[in-house]
Amino acid sequence: MRLSDASGGAHSMLTGRFANLGNTAVLETIDIETAPEPKASIIVLHGLGADGNDFVPFAQELDLRAAGPVRWVFPHAPVMPVTINGGYRMRAWYDVLAGDLRQRQDETGLRQSQAFVEELIAREKERGVAASRIVLAGFSQGCAMVLLTGLRHKERLAGIAGMSGYLPLAEMTQKERSDANQLTPIFLAHGTTDPVVPLAAGQMSRDALRALGYDVEWHEYPMPHTVCIEEMRDLDAWLLKVLD
């Protein structure tokens, strides 16, 4: 993920922590606090083959001072073999079994990482941040995970932001979704020339969510599978609204 035209964010404190996820695993996270005693948290999930460092520039590019002290949480996904990449081991939130992301989905891996994200939410609550002040954000695989988890979470979240991704296990969403997040704002953005997760996959996810009554703010940008400055500006404005 590359950003340019840096705008300069608030001063921050960088710390490395481990999230203890019950008896299943331990996820290392990078935590950045814009000021002491944050009262809002933004959990950002990276894409396939990356790690939490990939999106640390978020905390530098976005200016959320109007929202008060914020804690950014950038977890590293587990390392696992990825089928579509010949079984090569890399950081991934779930296995990718085929080029068509909607076919042959790794439900077991998706459910396991859903539990990981739930534990990350629980940790923020333990650190004094209410669920209603927690935003889930993600890119590509990370987008899939925040949609999967956020729509099923049992308490109202501040918002769900997905970039260059899609809705996984879409056919199960209506049955499994939580009423608590029916009105939670959703930000979705996609590149019009994305060769990894085609624009159509993002548009279908948008349409499926709107058909279920969700409030989806949709953006398209002339870019491939990446993030652009215009997208960051739109996301900044959206975050300030949901954290108001």
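Residues numbered from 1 in each chain as written. Predicted model: local features only at pLDDT ≥ 70, side-chain atom pairs only at ≥ 80, totals over all residues. Heavy atoms only, no water.

> How should I be thinking about the nonpolar core in this particular structure?
A general trend in soluble globular proteins is that nonpolar side chains are found buried together. Ile43, Leu136, Leu147, Ile186 and Leu209 are the most contacted members of the largest nonpolar core, which totals 44 residues. Those elements giving two or more residues to this core turn out to be strand 3 (40-45), strand 5 (79-82), helix 2 (107-126), strand 7 (134-139), helix 3 (141-150), strand 9 (186-191), helix 5 (199-211) and strand 10 (216-221). Here this core gets 6 residues from one element, more than from any other, and that element is helix 3. Setting aside anything within four residues of it in sequence, one finds Leu147 in contact with Arg152, Ile160, Tyr166, Leu167, Ile186, Leu188 and Leu209. In terms of nonpolar packing, the next biggest core, distinct from the first, is built from 33 residues, Ile30, Ala161, Val227 and Leu239 among them. (Core = buried A, V, L, I, M, F, W, Y, C linked by side-chain atoms within 4.5 Å. Buried < 20%, exposed > 50% of the residue type's maximum accessible area, 1.4 Å probe, protein only. Helix = DSSP H or I, 4+ residues; strand = E, 2+ residues; numbered from the N terminus. Contact = heavy atoms within 4.5 Å.)

> Before we go on, may I ask you to explain the environment of Leu97 in this structure?
Topologically, Leu97 is positioned in the loop between strand 6 (88-91) and helix 2. On the basis of relative accessibility, which here comes to 24%, the residue Leu97 falls in the partly exposed class. Residues Leu97 and Val82, spaced 15 residues apart in sequence, show a C-alpha to C-alpha distance of 7.6 Å. Residues in contact with Leu97, not counting those within four places in the same chain, are Thr83, Arg104, Gln105 and Asp106.

> Would you mind going over the confidence of the model for the chain with me for this structure?
For residues with low pLDDT, the predicted coordinates do not support detailed interpretation. Here the chain shows a mean pLDDT of 90. Residues at 70 or above account for 89%. This stretch, residues 1-13, has a pLDDT under 50; its non-local contacts, to residues over four places away or in other chains, come to 31 contacts. In the model, residues 18-24 has pLDDT below 50 throughout and makes 17 contacts with residues more than four positions away in sequence or in other chains. (pLDDT = per-residue confidence, 0-100.)

> When you look at the environment of Leu110 in this model, what are you seeing that I'm missing?
With respect to the helices and strands, Leu110 occurs in helix 2. According to the relative accessible area criterion, Leu110 is buried, its value standing at 1%. Leaving out residues up to four positions away in the same chain, Leu110 has contacts with Tyr94, Gln105, Met145, Leu148, Pro168 and Leu169.

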